[in-house]
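Here is what each chain is made of, one letter per residue.
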Amino acid sequence: MLYAIVDIETTGGHASANGITEVAINIHDGNQIVETYTTLINPKREIPDYITALTGIDNAMLVNAPTFDDVALQIYQLLNDKVFVAHNVNFDYSFLKHHLSYAGYDLQCRKLCTVRLSRKLLPGKTSYSLGKLCSALQIPIQNRHRAGGDADATSILFNMLLEADQEGVIAEMLKKTSKEQVLPPHLDKKVILKLPNQPGVYYFKDNKGKIVYVGKAKDLKKRVTSHFTGNKPNRQRQDFLRTIYNVDYVVCGTELMALILEANEIKRLWPENNRAMKRYEHKYDLYVFEDQNGYLRLAIDKHKKNNKALQSFNNLLEGYNFLNQLVDKYQLCARLCYLQKTATKCTAHENGQCFGACSGIETVAIYNKRLNNALLEIQNMQPSFALVDEGRKDEEFSCLIVEKGKFYGMGYFTDKTYLSDGLAPIKENLSTYQSNSYILNLILNHAEQHPQKLYKL
């Protein structure tokens, strides 16, 4: 078996927007290096100052260097059919696979990560970065942060790992069924093996235990593992994978409960890598307030976090249609409901649909009585029910409560007789969660699709 021990230098941290400036490849036959290759590469772009400060490679050094296309065939032939070995292998592999694909070559190699191998075979080190690990093992590094120097140091480290492997760890990692090399370099495979094949919410944590991402899953093990498959070269993915040191999780009875818990946890924890759900809020709400003259007024306005809404809507038209129906049914004043803003006279009053509240003709008491009837209808429209479904284990079932159109909470029971005793005893045994229109819509859609799980309260 031949190994290609690789190190590269680049213009930045992700392949899709950066070039390669240097490549070093040491071909190793399992005992020693049998061939070496190193070359500077002109990335056809400026080298950032911080890269020059780190590597010593500047623009002048690369003017007469070959482009990647010039050396792509030679690099491909060196790597093809070898085991690709590198310190943080997914970084080097993603760059070379990406740039080789643009040159017309499809790189497909088994991979070994010397970070992961070192954690298994040389445990107990304070750091597994190449520099600190080599210092601890007294491995000399010539030309640190240059491809040739780092590849040579990685080759010496690889020799040590081969000698330390008395139980076939490397052979196990290279099995097609292992999938270990797709994992982030700092994530222990044992963490993945412990994940259950159940619905739930998972938490990716960095080296300090801080949660950097929250996700939901129908199958926790399959979903978490799916994050690490493929070799996408974009910056967001590469940076994300480097931050993952551990995975924690919470098992849920159903995928719906996992969705709800995920939404709440993202709002509570605000992880840096969760983006889509951070932006979600219902856009418009229906509010009621009392004006200076004592008239109750309804208004559609943009969602305000700290204001209590009567009803929520996904868009302005939906809100206005709902309010127009109330105005027609209860003969409310269109001007007092901000549905008529330009006319000096109330057109509804002229048409006999308004009794003059906007001009002071109709008294506060009479008008507010009709508007309170409208508020009562809104309140009565809000459903109260329980959704009963599978639990986390066979002898358990789950319960979600919606009360007056708001999601109240969810939890688990072993005795369904609770449901016949009304809301109070059920609520005592539930964990409460924030409600928003996203969560409520999830629950309402699920209830509509699975009416057999619905218990009216």
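Treat the numbers as computed from the prediction; the structure is a model and nothing was measured.

Asker: Looking at this structure, I do not really get the packing of helix α3 (residues 68-79) against helix α4 (residues 89-102). What am I missing?
Answerer: Geometry of a packed helix pair, given as the angle between the helix axes and the separation of the axes. Where α3 contacts α4, the axes come no closer than 10 Å and their chain directions differ by 120°. The angle between the axes of α3 and α4 places the two elements in the oblique class. With respect to the hand of their crossing, α3 and α4 are arranged in left-handed fashion. Residues Phe-68, Ala-72, Ile-75, Tyr-76 and Leu-79 of α3 lie in contact with α4, whose contacting residues are Leu-96, His-99 and Leu-100.

Asker: Please explain the pattern of salt bridges as it appears in this structure.
Answerer: Note that side chains of opposite charge can pair when their charged atoms are close. Under the definition given, this model contains 15 salt bridges. Across the pair Asp-301 and Lys-304 runs a salt bridge whose closest N-O atoms are separated by 2.4 Å. Of the charged contacts, one joins Lys-427 and Glu-403 as a salt bridge, the two residues approaching to 3.0 Å between their closest N and O atoms. Taken together, the positions of Lys-427 in helix α16 (residues 423-428) and Glu-403 in strand β13 (residues 397-403) put the pair 24 residues apart, joining distant regions of the chain. Since its relative accessible area comes to 22%, Glu-403 is described here as partly exposed.

Asker: Would you explain the domain arrangement of the chain in this entry?
Answerer: Interface extent is often summarised as the accessible area lost during association of the parts. For the chain, the assigned domains read domain 1 (3-174), domain 2 (189-269), domain 3 (284-381) and domain 4 (385-456). Relative placement of domain 2 and domain 4: their C-alpha centres are 25 Å apart. Tallying the contact residues gives 13 residues for domain 2 and 18 residues for domain 4. Across the domain 2 to domain 4 interface the summed buried area is about 1300 Å²; carbon plus sulfur atoms make up 73%.

The rules behind each value
Residues numbered from 1 in each chain as written. Predicted model: local features only at pLDDT ≥ 70, side-chain atom pairs only at ≥ 80, totals over all residues. Heavy atoms only, no water. Axes fitted to C-alpha atoms, helices over the stretch in contact; angles between N-to-C directions. Helix = DSSP H or I, 4+ residues; strand = E, 2+ residues; numbered from the N terminus. Parallel < 35°, antiparallel > 145°, perpendicular 65-115°, else oblique. Left-handed = near helix turned anticlockwise from the far one by under 90°. Contact = heavy atoms within 4.5 Å. Salt bridge = Lys/Arg side-chain N within 4 Å of Asp/Glu carboxyl O. Buried < 20%, exposed > 50% of the residue type's maximum accessible area, 1.4 Å probe, protein only. Domains from an automatic or database assignment. Buried area = accessible area lost by both parts, 1.4 Å probe.

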